Amino acid sequence: MIRINDILDQVNSYMPDADTSLIQKAYVYSAKVHAGQTRLSGEPYLSHPLATAFILAQLKLDVASIAAGLLHDTIEDTLATFEELQELFGTDVAEIVEGVTKISQIEFQSKIHKQAENIRKMILAMSKDIRVLLVKLADRLHNMRTLNFQREEKQVKIARETLDIYAPLASRLGIDWIKRELEDLSFQYMYPVEYEALSRDVEARLGKRKVYVEEVKEIISRKMAEYGLSCRVLGRPKHLFSIFRKMRRRNVTLDEIYDLIAFRIILNTPKECYEALGIVHSVWKPVPGRFKDYISLPKANMYQSLHTTVIGPYGERMEIQIRTEEMDKIASEGIAAHWLYKEGKVVQKEQAKQFDWLTQLMEWQKELEDPREFLESVRMDLFSNEVYVLTPDGDIKEFPSGATPIDFAYAIHTEVGHHCAGAKVNGRMVPLKYELQNGDVVEIITSKHHVPSRDWLKIAKTGRARARIRQWIKTEEREKSLVLGRELCAREFRKHRLDFNEFVKSGGGDIVAAFSFKSLEDLLIAVGYGKISPTQIVGKLVRADAKDDQDEQPEIVQEEPRKHGAGSQGVLIHGHDDIMIHLAKCCTPVPGDDVVGYITRGRGITVHRTNCPNIVNLDPERQIEVKWDITKESGYPVRLAVTTTDQKGMLAAVSNAISAAEANIMEAKVTTSPDLRASFTFTVEASDASHLRRVMAGVRKVDGVLKVERINAS
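Each chain has its residues counted from 1, running along the sequence as written. Since the coordinates come from a predicted model, pLDDT governs what is reported: local features require at least 70, and pairs of side-chain atoms require 80 or more to be given and counted, while whole-chain, interface and lining totals use all residues. With hydrogens and water stripped out, all remaining heavy atoms of the structure feed into the side-chain values.

Turning to the overall build of the protein chain, a few remarks are in order. Tallying secondary structure elements over the protein chain gives 29 helices and 22 strands in all. By the burial criterion, 50% of the 714 residues in the protein chain qualify as buried. Here, two residues are considered to be in contact whenever any of their heavy atoms come within 4.5 Å of each other. Once local pairs closer than 6 in sequence are excluded, the contacts in the protein chain between residues at least 24 apart make up 66%. Under the convention used here, a 1.4 Å probe and the Shrake-Rupley method define accessible areas, while residue burial counts only the protein chains that appear. When the accessible surface of the protein chain is totalled, it reaches about 35,500 Å², and 49% of it is carbon and sulfur. Elements are defined by DSSP. Helices are runs of H or I of four residues or more, strands are runs of E of two residues or more, and each kind is numbered from the N terminus. Between buried and exposed lies partly exposed: a residue is buried under 20% and exposed over 50% of the maximum accessible area for its type, with that area taken using a 1.4 Å probe on protein chains only.

This part takes up the pairing of strand 9 (residues 420–425). Should DSSP find at least two bridges between two strands, the strands are regarded as paired. Across five bridges, strand 9 lies against strand 11 (residues 442–446) in antiparallel orientation. Considered in strand 11, the bridge of Ala423 is made with Ile444. Here strand 9 pairs with strand 10 (residues 428–430) via three bridges, running antiparallel. Bridge assignment links Lys424 to a residue of strand 10, and that residue is Met429. Hairpin connection, strand 9 to strand 10: the antiparallel pair is bridged by two residues, and Asn426 has positive phi, about 55 degrees.

Time to look at the confidence of the model for the protein chain. Of the residues in the protein chain, 82% have a pLDDT of 70 or more, and the chain-wide mean is 81. Each residue carries a pLDDT score, the predictor's confidence in it, ranging from 0 to 100. Under a pLDDT of 50 for its full length, residues 551–567 has, in the predicted model, 24 contacts with residues more than four places off or in other chains.

A few words on a positive patch on the surface. On the surface, Arg249, Arg250, Arg290, Lys292 and Arg317 cluster together to form a positively charged patch. With respect to the secondary-structure elements, Arg250 resides in helix 14 (residues 240–250). For Arg250, a relative accessible area of 43% translates into the label partly exposed. The patch calculation keeps residues exceeding 30% relative accessible area without a salt bridge and links them within 9 Å when they carry like charges or within 5 Å when they are nonpolar (Val, Leu, Ile, Met, Phe, Trp, Tyr). Each reported salt bridge corresponds to a side-chain nitrogen of Lys or Arg within 4 Å of a carboxyl oxygen of Asp or Glu. We count Lys and Arg on the positive side and Asp and Glu on the negative side, and we leave His and both chain ends out. For the purpose of locating charges, the reference atoms are NZ of Lys, CZ of Arg, CG of Asp and CD of Glu.

This part covers the environment of Ile257. Here Ile257 shows up in the loop between helix 14 and strand 2 (261–267). By relative accessible area, Ile257 is classed as buried at 6%. Each C-alpha atom, one on Ile257 and one on Met247, is 7.4 Å from the other, the two residues being 10 residues apart in sequence. Setting aside chain neighbours within four positions, we find Ile257 in contact with Lys246, Met247 and Val252.

What follows is about the sheet that holds strand 15 (residues 595–600). The strand order 14-16-15-17 describes an open sheet built from four strands, whose pairing is mixed. Two strands lie at the open edges of the sheet, namely strand 14 (581–583) and strand 17 (623–624), each paired on one side alone. The sheet contact formed by strand 15 and strand 17 spans two bridges and is antiparallel. Counted as the bridge partner of Gly597 is Ile624 from strand 17.

On to the packing of aromatic side chains, then. Stacked, edge-to-face and tilted labels apply to pairs of Phe, Tyr and Trp rings (six-membered ring for Trp) whose centres lie within 6.5 Å, assigned for plane angles under 30 degrees, over 60, and everything in between, in that order. In total, this model carries 15 aromatic pairs according to the counting rule given. Geometrically, the ring pair formed by Phe187 and Tyr195 is edge-to-face, given 5.4 Å between the ring centres and 80 degrees between the ring planes. Ring geometry for Tyr212 versus Tyr314: centroids 6.2 Å apart, planes at 45 degrees, classification tilted. With Tyr212 in helix 13 (residues 210–226) and Tyr314 in the loop between strand 5 (306–311) and strand 6 (317–324), the pair connects residues that are 102 residues apart, well separated along the chain. Under the relative-accessibility criterion, Tyr314 is labelled exposed at 63%. Among the aromatic side chains, those forming a connected cluster through ring pairs are Phe187, Tyr191, Tyr195, Phe241 and Phe244. To sit over a ring, a charge needs its Lys NZ or Arg CZ within 6 Å of the ring centre and within 35 degrees of the ring normal. Between Lys25 and the ring centre of Phe89, over which it is positioned, the NZ or CZ distance is 5.5 Å. When the ring centre of Phe515 is taken as origin, the NZ or CZ atom of Lys540, which lies over that ring, is 5.3 Å away.

Below, the discussion takes up the environment of Cys612. Tracing the backbone through its elements, the reader meets Cys612 in the loop between strand 16 (604–609) and strand 17. Counting along the chain gives 28 residues from Cys612 to Ala584, while the straight-line C-alpha distance between them is 9.5 Å. In this structure, Cys612 is in contact with Cys586 and Cys587, ignoring residues within four places of it in sequence.

Mapped onto the elements, Arg700 comes out in helix 29 (residues 689–700). Using a relative accessible area of 24% as the deciding quantity, one classes Arg700 as partly exposed. When the C-alpha atoms of Arg700 and Val193 are compared, they prove to be 7.1 Å apart, with 507 residues separating the residues in sequence. In this structure, Arg700 is in contact with Val193, Val705 and Val708, ignoring residues within four places of it in sequence.

Now for the sheet that holds strand 21 (residues 677–686). What the four strands build is an open sheet, ordered 20-21-19-22; its pairing is antiparallel. Looking at the sheet topology across the chains shown, the edges are occupied by strand 20 (664–673) and strand 22 (705–711). Neighbour-to-neighbour, the strand axes of this sheet turn through a mean angle of 20 degrees, independent of strand direction. Where strand 19 (residues 636–645) lies against strand 21, 10 bridges are found, and the strand directions are antiparallel. Along strand 21, the bridge assignment pairs Val638 with Val684. Between N-to-C directions, angles cover 0 to 180 degrees, with each direction set by a line fitted to C-alpha atoms, over the stretch in contact for helices. The sheet contacts of helix 29 involve strand 19, strand 21 and strand 22, and relative to strand 22 the element is tilted by about 160 degrees.

The next thing to look at is the pattern of salt bridges. Under the counting rule described, the total for this entry stands at 21 salt bridges. A salt bridge links Arg140 to Glu161; the nearest nitrogen and oxygen atoms lie 2.6 Å apart. With Arg140 in helix 9 (residues 131–145) and Glu161 in helix 10 (residues 152–172), this pair connects stretches of sequence that are 21 residues apart. Measuring nitrogen to oxygen at the nearest pair gives 2.8 Å for the salt bridge that ties Arg180 to Asp176. Of the two residues, Arg180 and Asp176 both sit in helix 11 (residues 176–190), four residues apart, roughly one turn of that helix. Its relative accessible area of 23% is what places Arg180 among the partly exposed residues. Among the residues examined, Asp176 registers a relative accessible area of 23% and is labelled partly exposed. A single network of salt bridges, built from pairs that share partners, joins Asp62, Asp92 and Arg131.

Encoded structure:
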């Protein structure tokens with residue numbers, strides 16, 4: 001357990017003149033208000049704020065941040081108030097604690113609308129003072145270190161939230177050691193079988209390669225000395241999650257990952273870094289396309305380094321990073337390496353660039369009302385790698401990895417994007433789906449006759465471009481839907497001998513309000529989209545006329561969600577009638593999954609999982625909220641991919657595990673590979689998401705099973 005003296009010693013190591021009385025006062029107060037509270041581990045609750053404060057001291061933060069770390073749970077878990085903290089510890093500390101409390105109260109695993117709102121709240125909290133996020137990261141890191149005391153279901157939920165939200169934020173702040181530890185801890189709890197197997201295999205390989213590592217380090221040191229360069233050479237294994245991610249992305253085995261160890265050469269000046277690069281390339285042949293210069297083009301989090309991959313001794317590929325001592329410090333500590341809060345200190349202009357991403361987030365949360373567009377923008381613009389390209393005038397533009405000329409066009413101006421007809425990259429014509437590379441010089445060709453198409457949404461990557469394309473399509477489709485809606489309604493009115501022109505002149509009367517629209521135009525557009533049928537409008541109109549004829553007082557009835565007959569698939573929809581419902585075959589949702597409905601003209605509503613990749617490119621205007629009918633019991637087909645060792649009896653063992661979990665196997669396919677692995681694809685029948693988790697847990701327990709995952713239809 002961390003002691004207060006450990007924290008004070010750490011602070012004095014980097015701020016010897018600091019007044020630590022505020023930290024000691026916060027410790028005494030925290031101990032008093034948390035007295036009697038314990039953690040799930042049985043330890044006194046005080047152990048958690050002490051550990052959080054120590055992590056902040058490791059980040060070399062200011063006194064106020066560390067005091068806030070000791071107090072970060074007091075408002076949420078004790079009788080302490082903001083006003084009391086403000087009086088005792090000052091406004092700075094109190095506001096940090098309040099900001100951390102607000103983030104702690106956010107539940108990220110939720111429906112799309114709620115999730116988007118929670119992300120907005122977190123952005124607002126940390127935009128007021130970035131120290132709020134630093135304290136929250138320290139808090140989350142210690143909670144992840146002690147996650148083994150939580151029940152399994154909560155472990156997976158917290159690990160997913162950490163991997164999706166907090167690890168990328170740590171990366172954006174440039175705090176690499178926290179990002180790596182959060183990713184590895186999340187990996188351990190989300191994929192326990194894969195984690196254990198990979199951990200064991202990597203450790204075995206590294207044990208055999210100690211001699212190789214020392215040999216490479218000695219060669220590099222000797223060569224640098226020959227050219228008069230003084231340096232430190234390090235060789236460290238990549239963290240487990242980065243290896244796992246690479247294996248999944250490339251669909252390869254561990255034996256096919258050649259750069260398990262990254263070598264780092266640390267020198268004194270940028271000039272020496274480029275000299276060292278030349279020496280390395282003279283000793284070993286560089287791999288084409290595997291060189292990145294982050295010194296001249298730093299990442300958004302101010303990371304700087306030269307990266308190159310070479311064919312090293314014995315023909316093996318190896319990655320080498322070259323940087324200065326200062327760059328290495330920033331690469332590890334990020335913001336904390338150069339931004340201490342001291343009285344009267346102002347953030348330098350070049351350091352403020354590190355927070356451009358936060359400004360961008362603030363803009364998105366103000367501009368984008370649709371929650372899916374907002375979440376998509378956050379994922380694409382915040383949680384992705386960057387590429388840096390040039391305009392013909394030499395200006396540098398930053399984009400997420402995978403960005404295309406369309407993204408570049410919209411970054412210049414919305415009208416340039418709308419009329420983008422083609423692009424030249426480095427003087428050559430390229431297709432609009434071309435993925436921009438670091439250092440590309442991009443020129444956009446426009447034509448007034450060219451306009452956006454829905455296909456652009458499949459290749460645009462930035463939130464700005466996708467939002468502008470959707471806005472244009474929405475405007476165009478709104479006009480088309482209005483015309484179509486008018487035609488459909490006029491036809492239905494004629495069928496029932498009603499005067500549609502009179503209906504239009506009256507502005508729709510009470511019928512518009514009955515469908516919760518603001519205007520007749522909106523109602524007709526909804527008909528054109530297929531959200532409402534003309535039959536529904538005529539039906540309400542006829543019933544309203546009948547009631548008027550009988551001079552009866554209309555009865556106000558609360559409209560309940562309606563179940564939809566044979567085609568309902570156990571799904572409820574509020575306020576719609578006579579609509580056929582289908583479960584999407586691409587993502588095969590089951591009760592318990594977060595789902596969204598998509599209205600298809602003439603085919604009713606298709607229900608997708610909210611994380612289905614196919615829903616991303618579909619028009620948000622046609623998406624509708626749906627929920628499961630928990631009273632309906634049924635079986636739902638789900639596809640599972642199971643990877644095992646290739647040995648006799650595996651198919652029978654896995655099948656028995658599925659049957660033991662009371663799931664029916666509808667289909668099974670088996671393939672084997674030369675690396676002594678077997679791949680099974682099962683279609684099983686599950687009653688809900690909880691049942692599916694039991695099935696997968698049962699399969700994971702089978703000896704020889706390496707991986708179990710739910711997959712979409714190919």
